[in-house]
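One-letter residues, chain by chain:
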Amino acid sequence: MSALLQVDSIEVFYGRIRAVKGVSFEVREGEIVSLIGANGAGKSTILKTVSGLIRPKTGKIEFLGQDITKAEPHAIVRRGIAHVPEGRRVFARMSVMENIEMGAYVHGKAAEEELENAFARFPRLRERRRQLAGTLSGGEQQMLAMARALMSKPALMMMDEPSMGLSPILVEQIFDIISELRAAGTTILLVEQNANKALRITDRTYVLETGRVTLSGESRTLLESDEVKRAYLGGKG
Amino acid sequence: MKTKRNRIPTLLGYAINLALFAAFLILGDGLIQSGAISKYYSKVVMLIGINVILAVSLNVATGYLGQLPLGHAGFMAVGAYASAIFMTRTALPASPAFPIGILIGGAVAAAFGIIIGIPALRLRGDYLAIITLGFGEIIRVVLLNIDDVLGFTLTNGAAGLQNIPKATTFLNTFVCVGLTCFLIHTMMKSRHGRAILALRDNEIAADSCGINATYYKTLGFTASAFFAGVAGALYAGYIGILNPGGFGFMKSIEILVMVVLGGMGSMVGSVLSATVLTAVPELLRAFAGYRMIVYALLLIVVMIFKPSGLMGTYDFSLSRLLGKLFYGSSRKKQGKAGDAR
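Residues numbered from 1 in each chain as written. Chains lettered and ligands numbered in written order. Predicted model: local features only at pLDDT ≥ 70, side-chain atom pairs only at ≥ 80, totals over all residues. Heavy atoms only, no water.

Enquirer: Quick question: what am I supposed to make of the overall build of chain B here?
Expert: In terms of regular secondary structure, chain B is built from 13 helices and 2 strands. The C-alpha atoms of chain B give 21 Å as radius of gyration, which agrees with the globular expectation for 341 residues (20 Å, within 12%). Overall, chain B is about 70 × 50 × 45 Å in size when its C-alpha atoms are taken along their principal axes. Among the 341 residues that make up chain B, the fraction classed as buried is 48%. Charge centroids of chain B, computed over 27 positive and 12 negative side chains, lie 13 Å from each other. (Helix = DSSP H or I, 4+ residues; strand = E, 2+ residues; numbered from the N terminus. Rg over C-alpha atoms; globule rule 2.2 N^0.38 Å. Buried < 20%, exposed > 50% of the residue type's maximum accessible area, 1.4 Å probe, protein only. Lys, Arg positive; Asp, Glu negative; His and termini not counted. Charge placed at Lys NZ, Arg CZ, Asp CG, Glu CD.)

Enquirer: In this structure, what is going on with the sheet that holds strand β5 (residues 66–67) of chain A? I would like to understand it.
Expert: Two strands in a sheet stick together by hydrogen bonds in their backbones, pointing the same way (parallel) or opposite ways (antiparallel). Residues and elements named next belong to chain A. Spatially, the 4 strands line up as an open sheet ordered β2-β1-β4-β5, and their pairing is antiparallel. Whereas interior strands pair on both sides, the edge strands pair on one side only; in this sheet they are β2 (17–28) and β5. Strand direction decides the pairing type here: strand β1 (residues 3–14) and β2, joined by 9 bridges, are antiparallel. Pairing of Ile10 across the sheet is with Val23, part of β2. Set on the sheet, helix α1 (residues 43–50) makes contact with β1, β2 and β4 (58–63); between it and β1 the angle comes to about 115 degrees. (Pairing = 2+ DSSP bridges. Contact = heavy atoms within 4.5 Å. Axes fitted to C-alpha atoms, helices over the stretch in contact; angles between N-to-C directions.)

Enquirer: Quick question: what am I supposed to make of a nonpolar patch on the surface here?
Expert: The grouping of Phe287, Tyr290, Ile293, Leu297, Ile300, Val301, Ile304 and Phe305 of chain B at the surface amounts to a nonpolar patch, some 910 Å² of accessible area in total. Mapped onto the elements, Phe305 of chain B comes out in helix α12 (residues 291–305). (Patch = residues over 30% accessible without salt bridge, like charges linked within 9 Å, V, L, I, M, F, W, Y side chains within 5 Å. Areas by Shrake-Rupley, 256 points an atom, 1.4 Å probe, with all protein chains shown as cover. Salt bridge = Lys/Arg side-chain N within 4 Å of Asp/Glu carboxyl O.)

Enquirer: Is there a simple way to explain the interface of chain A and chain B in this structure?
Expert: Where the parts come together, the accessible area they lose is often given as the size of the interface. Taken residue by residue, the interface counts 30 residues in chain A and 28 residues in chain B. Roughly 2600 Å² is buried in total at the junction of chain A and chain B, and carbon and sulfur atoms are behind 55% of that figure. By the criterion of area lost to chain B, the three top residues of chain A are Arg93, Tyr105 and Arg130 of chain A, representing 28% of everything that side buries. One can count 3 salt bridges joining chain A with chain B. Between Asp201 of chain B and Arg93 of chain A there is a salt bridge whose closest N-O contact spans 3.1 Å. Of all the elements in the fold, those that place two or more residues in the side of chain A that touches chain B are α2 (73–79), α3 (96–103) and α4 (112–121) of chain A. No other element matches the 5 residues that α3 of chain A contributes to the side of chain A that touches chain B. By residue class, the composition of the side of chain A that touches chain B is 14 nonpolar, 5 polar and 11 charged. (Buried area = accessible area lost by both parts, 1.4 Å probe. Nonpolar A, V, L, I, M, F, W, Y, C, P; charged D, E, K, R; others polar.)

Enquirer: For this particular structure, what's the right way to read the packing of helix α2 (residues 39–64) of chain B against helix α9 (residues 213–239) of chain B?
Expert: Between two packed helices, both the angle of their axes relative to each other and the distance between the axes serve to describe the pair. Residue and element names in this part refer to chain B. Two elements in contact, α2 and α9, have axes whose closest approach is 7 Å; the angle formed by their N-to-C orientations is 165 degrees. As summarised for this structure, α2 and α9 are arranged roughly antiparallel, according to the angle between their axes. Seen along the crossing, α2 lies across α9 with a hand that is left-handed. For the pair formed by α2 and α9, the contact residues are Lys43, Met46, Leu47, Ile50, Ile53, Leu54, Ser57, Leu58, Val60 and Ala61 on the first element and Gly220, Ser224, Phe227, Ala228, Ala231, Leu234, Tyr235 and Tyr238 on the second. Here the contact of α2 with α9 is built from residues that sort into 14 nonpolar, 3 polar and 1 charged. (Parallel < 35°, antiparallel > 145°, perpendicular 65-115°, else oblique. Left-handed = near helix turned anticlockwise from the far one by under 90°.)

Enquirer: How do you make sense of the sheet that holds strand β8 (residues 187–192) of chain A when you look at a structure like this?
Expert: All names here are of chain A. Across the sheet, 6 strands lie side by side as β6-β7-β8-β3-β9-β10; this open sheet has mixed pairing. If you trace the sheet from one side to the other, it starts and ends with β6 (81–84) and β10 (212–218), each paired once. Taking the axes of each pair of neighbouring strands and ignoring which way they run, one obtains an average angle of 15 degrees across the sheet. Summarising the sheet, strand β7 (residues 156–160) and β8 pair through 5 bridges and their orientation is parallel. Looking at the pairing, Met158 lines up with Leu189 of β8.

This is the structure we're talking about:
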């Protein structure tokens, strides 16, 4: 199986601070991969770098065999990478419907059946489709951000901490939806602080610590690993 | 899930609006020609038209794009001078020359919009305000100093550019007002307009939807500059003499006040407040010194009681209103444009 996304030893700087120190990883087609780690490990930075919002100083990012290291963010979306940014970035002054339509922006007009699919997956959003997105609850906004990203029919969907700031029930729901998406064949790169949850629903995981990959492998194996248990799962190990 | 239409057909809507606008033009022109509106008042009305274009164009950058440029008078000045230089040199008679002059004014201002927009729009908020303020002042100072370039008299410096043909009339001013509003309205209803609104709401989310942020910011900014240039050209033909001093920082603020008072993001608001804020100081001339106090109090009162501006982000649509009358309003209003608020 060839890699859909291949990230090769990227280094990212914020001014003089080296936030990502030579990280390499890959996402294969149909897989769901997570990057886990504590605050400041560089997880979000990596996602932003892949989607072109930040430029790496060195290293290379390949998507579908093509170099996208220097591509503009909007060009990267067109190539098929959707990014659900951290913190539920919805268009607050647009209605739910308009937000979802914006997701299909790269394809011109949103197809009627695509909208139908989105509403079938997120029934809450159908009820609220005329409401301004800024008036939705946190969980609903997260669903809206996901629905919007899916409208671009991405080959790879990147999600940045979808469970952040949500109640346990909503976290459960969001992870259920991620599992459903995976079952439907979407390739997903997930960034999470909730290591336990992430390890349970993903195929492979890379553990990040202060800008470096310290562990990687099958999520199932990592879940049993003493090191991971000690550091992230609260086990005594 | 087909959306049921409760609006009248788009073309019919355009036709009704066009007919009403034409009636307004004919009526206004008739009243002025017959002398029912005095020369003084017709001048005020023309100034209102020019200020409406300025406010509506600035609203594109402030209300729709969500930026805060403070150099709008600079674009107006560029348009005014470009058109005036053309008008004083051309051999064409005024009637064919003026539309060309207006377009030249708009085009040159738009070119400056691109030149200034590309570096300025990399910044946001206060920083963008300051950089555009700087550019606006640079334009003014340059106009003051390029009176004589390689033996060519260009702007005539501080003495002012004189004997500009007074080609601005009620009719051509308000045709420009109508065209400005129509073009900006259609732009904002289009896919490009949606992209601009998305950028205003959340730039990172817009990026992640595949919207080219730099392109659309520059587009909005340039459109804003273009129509400011048109207003400048009209102003040059209205006043007959141009002096860089009139296009300073205070003029930019004056236009910004109109937009903020009307409600950022509402075209109707910009039109209304440009009208009121141009008319009020004129109508209060009888009170001489007190009129600026009334003007200032008006601003304070509106900002206290309606900080989002007179109209908020609401945009009046005759087509929507007629649609409701004909088809009833059994459905809840669609959350379009800003009427959801």
